[in-house]
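# What the coordinates show
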Amino acid sequence: MLIVKDGLGRAFDLDANTPLSDTLRALSQSRGVGIGDALVALYNYLHGALAQNSALAKAAAAALTKAETDDATLTAILDGALGKFLLDREGGNPLPVPRTLASAGAPLAYALDAKKTIAAKTGDVTLSFAPTAGATAQIAVLRGPSPSVDPPLALPAGDALLRFSLSGEVDVEGSFKVPFNGGSGAGSAGAGASVEIDALFQWPATTTVAGALVESVGGLASPWDLDVVAADLAPVDAGGECRGLRRLAFDLTGDLHLTGTVGLGRSWRYVDKNFAQGVDLNATLGVQADLSLGWSRNGAFRLTVERASDGSVAIGVHRTDGTQGTFGADLTAGLVVTGLGQAAQPIVDDLFPDATGLMQKLRAWSAPGTMLVDRLLAQIGSDDPAVAALAQLLLGRTTSGEAQTQIRDLILAEIKEQVNTYVPFWKQLSQPTALAAQLSAALARRFGAEGDAAALIAQQLQKWLAPALTKAYQDFSAAMTTLATDASNTLAPLLAAFGKIGEDVAALTKAIDADASAVVTPALRLMQRYEAIRAQVLDAVTAASKLKLGLGLKLAYSRTTNDTAEVSFRVAQVTDRTRLVYRSLVTGRLDAAWGVLQAAIDAGEIVALDGAFTSAIARSRSLDLSLSFGDASIAWDASSASSATITVEANGMLSVGQGRFTSSNVAKAFGRSSGASFGGTLDVAAALAHPAAALPVAFGFALNYQDKRMQPSELATYLRSLQRVGGGAALFGDDAVRAALAQYGAAPADARVDTVVNLDAATLQRVFDLTTTSNGRARILATARAALFAAGAARDTGVAVLTALAGGTNPAAIAQVLADLADLDAFAIGQRYGAKTGQTLPTTSGADQRVYQDVRNINGLAAGLVDALTALAGAPALFVAAQAQTGDPAAQATRYARALDGVNTRVNAGIGAWFEQFGQTDQAPSFAVALLASLAQLADLPAPLLVPVAQVRSAAGTLRVLAF
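Residues numbered from 1 in each chain as written. Predicted model: local features only at pLDDT ≥ 70, side-chain atom pairs only at ≥ 80, totals over all residues. Heavy atoms only, no water.

## Quick word on the overall build of the protein
Within the protein, the regular secondary structure consists of 32 helices and 21 strands. Considering the protein as a whole, with its 964 residues, one finds that 41% of them fall into the buried category. Across the protein, every contact between residues at least 6 apart in sequence was considered, and the portion connecting residues at least 24 apart equals 71%. A total of about 45,600 Å² of accessible surface is found on the protein, and carbon and sulfur atoms cover 56% of it. (Helix = DSSP H or I, 4+ residues; strand = E, 2+ residues; numbered from the N terminus. Buried < 20%, exposed > 50% of the residue type's maximum accessible area, 1.4 Å probe, protein only. Contact = heavy atoms within 4.5 Å. Areas by Shrake-Rupley, 256 points an atom, 1.4 Å probe, with all protein chains shown as cover.)

Dropping the structure here:
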């Protein structure tokens, strides 16, 4: 029997003394020789190449050669995954033929999974533990020219890859929850790891799958020994042609995560029993505080080994290692009042006394919209053809029965809304035809119909409404007449409620005695007045029922690190050093291999070293405050973020050194928002490459204001908030404000105003130069203090004290006073104020503490700005010092990243603090404007610095763009 490999026929001798021999002969005669070829190859392989060393091979051979192996058993094997992988039995061909690599189907996979969950509960304490494990073995065929492997591999035309994969993984998850009085604590932890080994063999695509399996398994090498790998890797020519083991690959991954939360909550409830005639009023106040901590680490390592075209062993390494730490704090409080809705009717009854119970009898006629809709539903029925006609008029096309029902319900809902809210129903019910016409026309307009369509819709609706309203009037009149007739002996007391609407009860009683129907017209007026009072109460109750007060405060912080290594080299000689390097790499220890790697490079045992090491650190922080009042809300968000990314080449050269930092502040209230943001970049690599040039730093600022209905006066208020000055640096002139208002017009509009300012490296260098001398730093402090004072950083008492000590509002004098008070406490500041003015600051009201806090806040912001600018200016010197330290490129990248992260942290702390101000939504954040004013003055920028641009959208949707 023959098996095809490399286009050649290779003969295999079958032992004639086993039961399998007879079975194969029978199968060859009845099913074709193809199946015989495949099974003979497998049989001989199992009895040959691995039989001496593999218990698995011996067991498989024994299973194939035992006496019970019959035609049915082999048929089951052929119909299974193994048979389908080796043989082609599709297309209606009764004679199975061996598959080639070119026609191979789905991979052949075997998986083993195990999972167990252990849970325990003692009282209210809950613990859980869930370990899982799994292993997978897979054989797959990959075809070119670019098979799905990592790193990519190019295959010559007509070749294919046979991949053997073995992988295993284990995961462990655990958690606990412990409740306590007023709160609970919870935590979880988990860890996981996985390993995968791949062997790729390259053969011509015409090779049978069975033949490729036999040849490949015989070429499987021990992946842990460099000598074996170097010997068993097949040669590769310059065109990528290879016959045999092309690549070995190892993948290792692991992760660990820990989380913990603590929650504290308390609620209070107030109940007013019998608030309104048996109705209870409930008020609930709840407070909840939550703290959370999290930490995680994950890593991955990939090693690939293959033969290079020059005969050396090519090795590639990819490694990632990341960590993340998080912290969160949430505080929420809410007040909810319920029970007011149920109190509406008792309140109406209090406002409309009814000792005789007349209104109780008439209450069945209240809510006339509901009453009318109920009558229309009974009148129209479920299959009224008018519904289809109305649906076609409204939608312009024929509709289904379900759509017609929806249209009918929509019309009835609108009728109910019109009667209950807009139409004087009781005033006009005595003229039902006119009321029907009025309602029909209003409904046609509500549905947006025009012309003939509106007339047809109104006509059809009137056909419905006229008889329904007529019948309602008749029924009401009959009910009132019956009520008056039945109460003939007690009529005067019963009619006392009519006095509420100005009726002469005595005269009315006399008229009803003569003709009971005389009650109808006054009864209509009574219902009209009653419904008006009821509507007023319901409106007030609806507004009160929305009494929901909410407070939310959220703080979130995270720090993330990511280290990545991409390294490749070739082993030219197998020596003790290269063996040690290889053994370190297959165990995932790139750091342990680096020192020996350099020695091997120096000796010429390793060549063509290439790669890069990247280290990145990112931070984020956010503080959110929200207040809600029913459906309205106020929100304030302040956030900052930074990232430091460093890449060091394998030769130790720094190729990327990028720092980014951002801060923002947004206030939102009642559909209006105002915000400011800051962003900057620092290119350390460029700074080191060009030390004589300006520091490659760029700042960008953005201010924005948005209102769905911005009045011209509100636009003026916002623009004037941009005119704040700090020591004379005008950001926006009066002429520009007047021009803006003239262009905007007198009508309110949906508008957004954006102002963007970019400061380049040359501009900022003038500011950085100030940080190198004490006088320069003093100038920065004085400018910032004056700008903050002008921006309202001091409150009323603080303003009074500072101006008194400075003898006025001169910016330089104010700045000097703030400098003099920087190291004083509240008592000392009060003493200095008393010595200057002869007055004392009241301590009982906390005035001295407020002044102290204002002084401390202003000086702190000014000092933070100096520190941020100093950190940026000194960043290149940090890296020059780091370059002098020895170590492998990975360690260098980490040192650089930490240094740059330190710069980012100082910048966001020093500049970001200017954006952590709770501001008004109709004004620009004043501290951010003060920062711009300070930088403009320090950099000697010409005025005006700001050029706002407005996008104005009219009610018709037309967009105008205005530049002021």
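## Description of the side chain of S477
Counting through the fold element by element, S477 comes out in helix 15 (residues 451-486). Residue S477 is classed as buried on the basis of its relative accessible area, which comes to 14%. At 2.9 Å, the side chain of S477 forms a polar contact with the backbone oxygen of Y473. (Polar contact = N/O pair within 3.5 Å; in protein donor to acceptor, adjacent residues only side chain to side chain.)

## Re the nonpolar core
Counting 148 residues, the largest nonpolar core has I315, L682, F699 and F701 as the members making the most contacts within it. Top contributing element to this core by residue count: helix 29 (residues 847-873), with 11 residues. M371, V373, A386 and F476 belong to the second-largest nonpolar core, a separate cluster that totals 42 residues. (Core = buried A, V, L, I, M, F, W, Y, C linked by side-chain atoms within 4.5 Å.)

## Some words on a nonpolar patch on the surface
Together, V262, L264, L291, L293, F327 and Y557 give the surface a local cluster of nonpolar side chains, amounting to about 520 Å² of exposed area. Within the secondary structure, F327 is located in strand 12 (residues 313-338). With a relative accessible area of 30%, F327 lands in the partly exposed category. (Patch = residues over 30% accessible without salt bridge, like charges linked within 9 Å, V, L, I, M, F, W, Y side chains within 5 Å. Salt bridge = Lys/Arg side-chain N within 4 Å of Asp/Glu carboxyl O.)

## Overview of helix 28 (residues 826-837)
Taking 1.5 Å as the rise per residue, helix 28 with 12 residues should run 16 Å; its terminal C-alpha atoms sit 16 Å apart, in good agreement. Residues of helix 28 that are buried: A826, A828, I829, G830, Y833 and G834. Just past helix 28, the residue G838 takes up positive phi, approximately 80°. (Expected span 1.5 Å × (residues − 1).)

## Comments concerning helix 30 (residues 875-883)
All of the buried residues in helix 30 are A875, P876, F879 and A882. What you see down the axis of helix 30 is that its buried residues fit within an arc of 120°, all on one side. (Arc of directions from axis to C-beta.)

## Concerning the pattern of salt bridges
Side chains bearing opposite charge may pair, as long as their charged atoms lie close to each other. Counted according to the given criterion, the structure contains 20 salt bridges. Where R672 meets E714, a salt bridge forms, and the shortest distance between an N and an O atom there is 2.9 Å. Of this pair, R672 sits in strand 17 (residues 672-683) while E714 sits in helix 22 (residues 712-721), and the two are 42 residues apart along the sequence. Residue class for E714 comes out buried when judged on its relative accessible area of 17%. Sharing partners across several salt bridges, the network here consists of D150, D251 and R302.

## Brief notes about the packing of helix 25 (residues 774-790) against helix 29
In contact at an axis separation of 9 Å, helix 25 and helix 29 are set at 140° when each is read in the N-to-C sense. Classified by the angle between their axes, helix 25 and helix 29 sit oblique to one another. The two elements helix 25 and helix 29 meet at a crossing, and its hand is right-handed. Touching R777, I780, L781, A784, R785 and L788 of helix 25 are I858, N859, L861, A862, A863, L865, V866 and L869, all from helix 29. Split into classes, the residues belonging to the contact of helix 25 with helix 29 amount to 11 nonpolar, one polar and two charged. (Axes fitted to C-alpha atoms, helices over the stretch in contact; angles between N-to-C directions. Parallel < 35°, antiparallel > 145°, perpendicular 65-115°, else oblique. Left-handed = near helix turned anticlockwise from the far one by under 90°. Nonpolar A, V, L, I, M, F, W, Y, C, P; charged D, E, K, R; others polar.)

## Looking at the pairing of strand 20 (residues 949-953)
By the alternation rule, side chains of strand 20 split into A950 and V952, which are all buried, and V949, Q951 and R953, of which none is buried. In the sheet, strand 19 (residues 749-759) pairs with strand 20 via five bridges, with the strands oriented antiparallel. Looking at the pairing, D754 lines up with V949 of strand 20. (Pairing = 2+ DSSP bridges.)

## Thoughts on the packing of aromatic side chains
Within this structure, the stated rule accounts for 11 aromatic pairs. Ring geometry for W594 and F613: centres 5.3 Å apart, planes at 90°, overall edge-to-face. With W594 in helix 20 (residues 590-602) and F613 in strand 14 (residues 606-629), this pair connects stretches of sequence that are 19 residues apart. Here the two residues W594 and F613 agree in accessibility, since each one is buried. Note on F661 and F699: the rings are 6.3 Å apart at their centroids and 85° apart in plane angle, and the pair reads as edge-to-face. With F661 in strand 16 (residues 654-669) and F699 in strand 18 (residues 697-710), this residue pair connects regions lying 38 residues apart in the sequence. (Phe/Tyr/Trp six-rings, centres within 6.5 Å; stacked < 30°, edge-to-face > 60°.)

## A few points about the environment of Q951
Considering the arrangement of structural elements, one finds Q951 in strand 20. Between the alpha carbons of Q951 and Q706 there is a distance of 9.4 Å; along the sequence they are 245 residues apart. Excluding residues that lie within four positions of it along the chain, Q951 makes contacts with D750, A751, R752, D754, L959 and R960.

## Some remarks on the confidence of the model for the protein
For the protein, the average pLDDT comes to 78, and 75% of its residues sit at 70 or higher. Here residues 1-69 scores under 50 on pLDDT; set against residues more than four positions off or in separate chains, the count is 93 contacts. Confidence drops under a pLDDT of 50 for residues 341-345, and excluding neighbours within four residues, the segment shows 11 contacts in the predicted structure. (pLDDT = per-residue confidence, 0-100.)

## A few points about the environment of L770
Tracing the backbone through its elements, the reader meets L770 in helix 24 (residues 761-770). With relative accessibility at 14%, the residue L770 sits in the buried group. Put simply, L770 and A873 are 103 residues apart on the chain and 9.7 Å apart in space, counted from C-alpha to C-alpha. Aside from chain neighbours lying at most four places away, what touches L770 is G776, R777, R779, I780 and L938.

## Looking at the pairing of strand 17
Summarising the sheet, strand 16 and strand 17 pair through 12 bridges and their orientation is antiparallel. Counted as the bridge partner of S664 is S677 from strand 17. As paired elements, strand 17 and strand 18 share 11 bridges and run antiparallel to each other. Bridge pairing in strand 18 places A676 opposite L703.

## Some remarks on unusual backbone geometry
Of the consecutive residues D150 and P151, the connecting peptide bond is found in the cis state with omega at 0°. Topologically, P151 is positioned in the loop between strand 7 (125-143) and strand 8 (159-180). With phi around 55°, D940 is a residue other than glycine that occupies positive phi space. Among the structural elements, D940 can be located in the loop between helix 32 (926-938) and strand 20.

## Brief notes about the side chain of T771
Mapped onto the elements of the fold, T771 is located in the loop between helix 24 and helix 25. Here T771 is in contact with R777, I780, L869, T870 and A873, once residues within four sequence places are set aside.

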